[in-house]
Amino acid sequence: MNSQSSAVDSGSMTDIVSLCRRRGFIYPSSEIYGGLASTWDYGPLGVELKRQLQNRWWEAMTQQERNIVGLDASILMHPRVWEASGHVENFSDLLSEDTVTHLRYRWDQLSEECRATMQSPDGNPLSPPRPFNLMFSTHIGAVADDAARIYLRPETAQGIYVNFRNVLQSSRVKIPFGIAQIGKAFRNEIVTKHFIFRTCEFEQMEMQYFVLPEEAPRWFAHWRDKRLAFYHALGIRPEVLRLRPHASDELAHYAQEAVDIQYQFPFGWQELEGIHNRGDWDLRRHMEYSKKDLQYLEEAGRRYTPYIVETSAGLTRSVLMVLCEGYRLQQLEKEERTLLALHPSLAPITVAVFPLLKKDALPARAEKIEEELRKHYRTFFDISGAIGRRYRRQDEIGTPLCLTVDHQSLQDQSVTLRERDSMQQQRVKIAALRSSIDTLLAQWQPAHHQR
Ligand code: GAP
């Protein structure tokens, strides 16, 4: 199931955003009211793609790991959590404002010249940089005073730390073990751009691995390598993924060691996931602030505060990566086709079923086949339009296989299976469909194309 090697263009962000909107992957939020900056809604295909991605992560991080259990903590937490975690004090970017246009800039993203001359890119005076906390705050209950102030969580991780003792006491986990969680996080980002890459509301897939302090460096290396392999297994080409270790002066306030997994987006190399050795920072601080014992007692009698190795991936950012990676404009002999070469396990639809024509017994036979396949795959039935156009519509949304029922099918019980990337077709007996489909899906390889 290899891609054919005709001229290929990876497309720009504008192409990708336009496809997402046109085909129902991602829409601007509240669009009928003019939209709200940098907020997005996932349409019928987008929600399916996002769900498949999170399912692959959940399978890899919980079902395929003996020592990792799941959790779903609430978004709203006790405000002391964020004091203990250091977010109230430290979770800020330096911000500077153009005093004429009132546009706000992240200090670290202004050019050296702007910072030296204290002039904005528009040439106006800049205000002195000041810290801007990225947490959204709101109030709980009827009284909007400071005592009722709470925050929307800026990372899912803290929900895991505050449940460390609960999980330890209620399940039979023993160190080393992990707790995994997928959920929404919120940051009042000063600069949001590149579609769903950096948004104020996003989803994270995080796993916190609790280990012996002296074993933290070994587990850090273990998870770094395993997380990179996860992306390779989803068909992301190794040449567009890289590791970027953090220098000591850029480490987050909680981290002893950190490395980013970066992906080469159309707008450059950017972080996809962070792997951190958080030391005992989080549990130690929660013990201090909550006055509860969060230490671990070994059977042999050793008592200690576990170190935490964290893998923190952006779910919504990974959706963008998968879309960028799959998007191709392919120049065929007579026409151009748009192709979303998604890994079959992520594709919103796995098999599209078509009757060649809307007549005779073809629609009924095709419907019956689709009904059977629906028990095993994500299927779609399409009866309208020329067959070539139906194929193109599926190519564009990443469906790996199309199946066509024609008059010959009624005679010899065979159908045509067409593969998305190579466009190759083969005749397959209906009785052998499942095994042919499974073989083709398992054989899929990413095409090596240049960005
Ligand atoms: N618990 C650690 C933590 O949150 P982080 O590096 O700040 O670490 C982890 O975030 C991941 O979350 C990032 O690698 C990125 O994929 C995603 N992420 C962070 N901020 C984001 C934003 N504003 N929009 C979309 N994804 C974001």
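Anything mentioned here points back to the structure above.
Now for a quick tour of the structure. (Residues numbered from 1 in each chain as written. Predicted model: local features only at pLDDT ≥ 70, side-chain atom pairs only at ≥ 80, totals over all residues. Heavy atoms only, no water.)

In this structure, Pro176 follows Ile175 across a cis peptide bond, with omega equal to 5 degrees. Secondary-structure assignment places Pro176 in the loop between helix H7 (164-170) and strand S10 (177-186). The phi angle at Phe195 is positive, at roughly 60 degrees, despite the residue not being glycine. If you trace the backbone, Phe195 turns up in the loop between S10 and strand S11 (201-211). (Helix = DSSP H or I, 4+ residues; strand = E, 2+ residues; numbered from the N terminus.)

This next bit is on the site of the ligand. Around the ligand there are 21 residues in total, and Glu155, Glu189, Glu206, Glu271 and Glu310 lie nearest to it. The contact in question runs from a nitrogen atom of the ligand to an N or O atom on the side chain of Glu189, over 2.8 Å. A total of 560 Å² of accessible area belongs to the ligand in isolation, and the protein chains cover 93% of it. Taken atom by atom, the bulk of the ligand overlaps the largest pocket. Elements supplying a minimum of two residues to the shell around the ligand: S11, strand S14 (268-279) and strand S17 (307-314). (Near = heavy atom within 4 Å. Polar contact = N/O pair within 3.5 Å; in protein donor to acceptor, adjacent residues only side chain to side chain. Areas by Shrake-Rupley, 256 points an atom, 1.4 Å probe, with all protein chains shown as cover. 1 Å grid on protein atoms, 1.4 Å probe; cavity = no way out; pocket = protein on both sides within 12 Å on 5 of 7 lines; lining within 4 Å. Sits in = over half its atoms within 2 Å of the grid points.)

This part is about the sheet that holds strand S12 (residues 241-245). Within a sheet, each strand pairs with its neighbour through backbone hydrogen bonds, oriented either parallel or antiparallel. The seven strands are arranged S4-S10-S11-S17-S14-S13-S12 in an open sheet whose pairing can be described as mixed. Only two strands of the sheet have a single neighbouring strand rather than two, namely strand S4 (68-70) and S12. For this sheet, the mean angle separating the axes of adjacent strands, direction not counted, is 25 degrees. In the packing of helix H2 (residues 44-63) onto the sheet, contacts are made with S4, S10, S11 and S17, and the angle to S10 comes to roughly 160 degrees. (Pairing = 2+ DSSP bridges. Axes fitted to C-alpha atoms, helices over the stretch in contact; angles between N-to-C directions. Contact = heavy atoms within 4.5 Å.)

Looking now at H2. With 20 residues, H2 should reach 28 Å at 1.5 Å per residue; the first-to-last C-alpha distance of 27 Å fits that figure. By the burial criterion, the buried members of H2 are Leu45, Gly46, Leu49, Lys50, Gln52, Leu53, Arg56, Trp57, Ala60, Met61 and Thr62. (Expected span 1.5 Å × (residues − 1). Buried < 20%, exposed > 50% of the residue type's maximum accessible area, 1.4 Å probe, protein only.)

Attention now goes to the packing of H2 against helix H8 (residues 216-233). At their nearest, the axes of H2 and H8 sit 12 Å apart, and the two run at 145 degrees to each other. When you trace H2 past H8, the crossing you get is right-handed. On the side of H2, the interface is formed by Arg56, Trp57, Ala60 and Met61, while H8 contributes Trp223, Arg227 and Phe230. For the contact of H2 with H8, the residue count by class is five nonpolar, no polar and two charged. (Left-handed = near helix turned anticlockwise from the far one by under 90°. Nonpolar A, V, L, I, M, F, W, Y, C, P; charged D, E, K, R; others polar.)

With that settled, the discussion passes to the layout of surface pockets. Any empty space left between atoms is shown by rolling a water-sized probe over those atoms. By volume, the largest pocket is sized at about 1500 Å³. Lining of the largest pocket is provided by 46 residues; of these, Asp93, Arg106, Arg187, Arg198 and Glu271 occupy positions nearest its centre. Of all the secondary-structure elements, those providing two or more residues to the lining of the largest pocket are helix H4 (87-90), strand S5 (92-97), S11, strand S13 (257-265), S14, S17 and helix H10 (315-326). Broken down by element, the lining of the largest pocket gets its largest block of residues, six residues, from S14. When grouped by side-chain class, the residues that make up the lining of the largest pocket number 13 nonpolar, 16 polar and 17 charged. (Points joined across faces, edges and corners; volume = space filled by probe spheres on them.)

Turning next to the sheet that holds S5. Strand order in the open sheet made by the three strands is S6-S5-S7, with antiparallel pairing throughout. Edge positions in the sheet fall to strand S6 (104-106) and strand S7 (130-133), since each has one partner strand and no second. Ignoring strand direction, the axes of neighbouring strands in this sheet form an average angle of 50 degrees.

All right, on to helix H11 (residues 362-373) then. Between its first and last C-alpha, H11 extends 17 Å over twelve residues, near the 16 Å set by a 1.5 Å rise per residue. Residues Leu362, Pro363, Ala366, Ile369, Glu370 and Leu373 constitute the buried set of H11. Taken around the axis of H11, the buried residues stretch over an arc of 125 degrees, which confines them to a single face. (Arc of directions from axis to C-beta.)

So, on to the pattern of salt bridges. All told, the structure shown has 34 salt bridges when counted by the stated rule. Asp382 is paired through a salt bridge with Arg393; the nearest N and O atoms lie 2.8 Å apart. With Asp382 in the loop between strand S21 (379-381) and helix H12 (387-397) and Arg393 in helix H12, the pair connects residues that are eleven residues apart, well separated along the chain. A relative accessible area of 26% places Arg393 in the partly exposed class. In the salt-bridge network here, residues are joined through shared partners; they are Glu335, Arg337, Arg392, Asp395 and Arg418. (Salt bridge = Lys/Arg side-chain N within 4 Å of Asp/Glu carboxyl O.)

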